[in-house]
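Working through the structure, step by step
Given next are the chains, with one letter for each unit.
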Amino acid sequence: MKILVAVKRVIDYNVKPRVKTDGSGVDLANVKMAMNPFDEIAVEEAVRLKEAGAATEVVVVSAGTSQSQDVLRTALAMGADRAILVETAADLQPLAVAGLMAAIVEREAPQLVLLGKQAIDNDAGQTGQKLAGLLGWPQATFAFKTEFADGVLTVTREIDGGLERVALDLPAVVTTDLRLNSPRYVTLLNIMKAKKKPLDTLTPDALGVDVTPRLTVLEVTEPPPRKSGIMVSDVEALIEKLRNEAKVI
Ligand code: AMP
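The structure displayed is predicted, hence computed values, not measured ones.

On to the overall build of the chain. When helices and strands are counted, the chain shows 7 helices and 11 strands. With respect to the three principal axes, the spread of C-alpha positions in the chain is 65 × 45 × 40 Å. Out of the 249 residues in the chain, the part that is buried amounts to 41%. Residue pairs in contact within the chain that sit at least 24 positions apart in sequence constitute 69% of those at least 6 positions apart. A total of about 14,200 Å² of accessible surface is found on the chain, and carbon and sulfur atoms cover 53% of it. The distance from the centre of the 29 positive side-chain charges to the centre of the 33 negative ones in the chain is 3 Å.

Listed below in structure tokens is the structure:
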């Protein structure tokens with residue numbers, strides 16, 4: 001089984017994003033970037049499936065500027081075999097990324113495509129579902145556990161009040177949830193080895209995919225500043241404030 005994994009370069013989750021003064025978006029100048037955390041989980045799962053003998057090759061794909069090579073190299077250091085960068089400076093919305101991934105699926109013919117459940121920068125949570133729709137493939141979203149046997153992939157999903165298990169015929173699309181696994185740390189040795197692994201570059205034009213945005217972002221604003229807290233002298237004072245000022249009890 002060949003596995004394709006989508007990895008996005010986003011603002012590092014430890015960084016507090018700053019909104020541009022003109023409200024047109026988030027300021028990315030001199031900000032630490034990293035692989036989207038859910039995509040790290042997807043790479044880890046693919047590499048584990050390969051280590052367990054269920055997969056033969058793991059190919060990682062990122063769409064974005066040439067700087068996205070750094071997250072592809074990280075994925076290669078984690079154990080992926082090959083990387084593809086779809087290089088573009090365009091503002092990529094989920095439908096465009098799904099279209100690019102569908103075009104790569106046509107070339108690479110994987111049996112499984114793994115994506116994160118959401119990119120932590122736009123919080124769209126749409127790309128995996130749109131990709132499955134474009135391909136007409138079965139999908140399991142928010143995977144908590146995967147098992148592969150006899151050509152069938154069983155995915156356990158965390159749902160309200162319990163766990164749901166679904167069986168998928170391959171080829172299929174799966175999106176990863178937080179508790180699927182804990183991604184490994186990359187060692188210096190593997191970072192060095194990853195430099196020798198193949199990284200091909202394509203463009204949306206070469207793939208015949210129109211990535212023109214379909215949505216216009218009207219405005220991005222900072223959340224309202226939180227009011228500072230106050231100290232109360234005792235429990236009675238707290239209850240009085242909750243009842244008469246906050247009116248929550
Ligand atoms: P989203 O629908 O934007 O929340 O993203 C969901 C998932 O789609 C991410 O976790 C990635 O696996 C994948 N994805 C989104 N944008 C990109 C991108 N530019 N390059 C590669 N994968 C992406």
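Time to look at the pattern of salt bridges. Under the defined criterion, the tally for this structure stands at 16 salt bridges. Measuring nitrogen to oxygen at the nearest pair gives 3.2 Å for the salt bridge that ties Arg9 to Asp70. Separated by 61 residues along the polypeptide, Arg9 in strand 2 (residues 9–11) and Asp70 in helix 2 (residues 69–78) bring together distant segments of the chain. Residue Asp70 is classed as partly exposed on the basis of its relative accessible area of 36%. A salt bridge links Arg82 to Glu57; the nearest nitrogen and oxygen atoms lie 2.8 Å apart.

This paragraph deals with the site of the ligand. In the vicinity of the ligand, 18 residues are found, and the nearest of them are Asp39, Ala119, Gly125, Gln126 and Thr127. Contacts to the ligand include Asn36, whose side-chain N or O atom sits 3.0 Å from an oxygen atom. Ala63 is positioned with one of its backbone polar atoms (N or O) 2.8 Å from a nitrogen atom of the ligand. If the ligand stood free it would expose 480 Å²; the protein chains cover 98% of that surface. When contributions to the shell around the ligand are tallied by element, the ones reaching two or more residues are strand 4 (57–64) and strand 6 (112–116). Looking at which element gives the most residues to the shell around the ligand, the answer is strand 4, with 3 residues. Within the shell around the ligand, the residues separate by chemical class into 8 nonpolar, 8 polar and 2 charged.

In spatial order, the strands read 9-8-7-10-6-1-4-5-11; together these 9 strands make up an open sheet with mixed pairing. Edge strands, defined here as strands with exactly one partner in the open sheet, are strand 9 (162–169) and strand 11 (199–202). Averaged over all neighbouring strand pairs, the angle between strand axes comes to 30 degrees, with direction disregarded. The pairing of strand 1 (residues 2–6) with strand 6 spans 3 bridges and is classified as parallel. If you follow Val5 over to strand 6, its bridge partner there is Leu114.

Time to look at unusual backbone geometry. Note the cis peptide between Leu170 and Pro171, where omega equals 5 degrees. Residue placement: Pro171 occurs in the loop between strand 9 and strand 10 (172–176). The backbone phi angle of Phe142 is positive, close to 55 degrees, even though this residue is not glycine. Take Phe142: it is sitting in strand 7 (residues 139–149).

Among the nonpolar cores identified, the biggest contains 36 residues, and Ile3, Val5, Val43, Val60, Leu112, Leu114 and Val174 are the most heavily contacted of them. In this structure, Leu112 is in contact with Met1, Lys2, Ile3, Leu4, Leu49, Leu153, Ala172 and Val174, ignoring residues within four places of it in sequence. Among the nonpolar cores identified, the runner-up in size contains 25 residues, and Met101, Val113, Leu115 and Leu131 belong to it.

The side chains of a regular strand alternate between both faces of the sheet. Counting buried positions along strand 4 yields 6 of 8 residues, so the element is predominantly enclosed. Two elements, strand 1 and strand 4, share 5 bridges in a ladder whose sense is parallel. Along strand 4, the bridge assignment pairs Leu4 with Val59. Bridge count for strand 4 against strand 5 (residues 82–87) is 6 bridges, and the pairing is parallel. Bridge pairing in strand 5 places Val60 opposite Ala83.

Pairing of strand 8 (residues 152–159) with strand 9 involves 8 bridges; the strand directions are antiparallel. Of the residues in strand 9, the one forming a bridge with Val155 is Val166. Here strand 8 folds back onto strand 9, and the loop between the two strands holds 2 residues, one of which, Gly161, carries a positive phi near 80 degrees.

So, how was this worked out
Residues numbered from 1 in each chain as written. Predicted model: local features only at pLDDT ≥ 70, side-chain atom pairs only at ≥ 80, totals over all residues. Heavy atoms only, no water. Helix = DSSP H or I, 4+ residues; strand = E, 2+ residues; numbered from the N terminus. Buried < 20%, exposed > 50% of the residue type's maximum accessible area, 1.4 Å probe, protein only. Contact = heavy atoms within 4.5 Å. Areas by Shrake-Rupley, 256 points an atom, 1.4 Å probe, with all protein chains shown as cover. Lys, Arg positive; Asp, Glu negative; His and termini not counted. Charge placed at Lys NZ, Arg CZ, Asp CG, Glu CD. Salt bridge = Lys/Arg side-chain N within 4 Å of Asp/Glu carboxyl O. Near = heavy atom within 4 Å. Polar contact = N/O pair within 3.5 Å; in protein donor to acceptor, adjacent residues only side chain to side chain. Nonpolar A, V, L, I, M, F, W, Y, C, P; charged D, E, K, R; others polar. Pairing = 2+ DSSP bridges. Axes fitted to C-alpha atoms, helices over the stretch in contact; angles between N-to-C directions. Core = buried A, V, L, I, M, F, W, Y, C linked by side-chain atoms within 4.5 Å.

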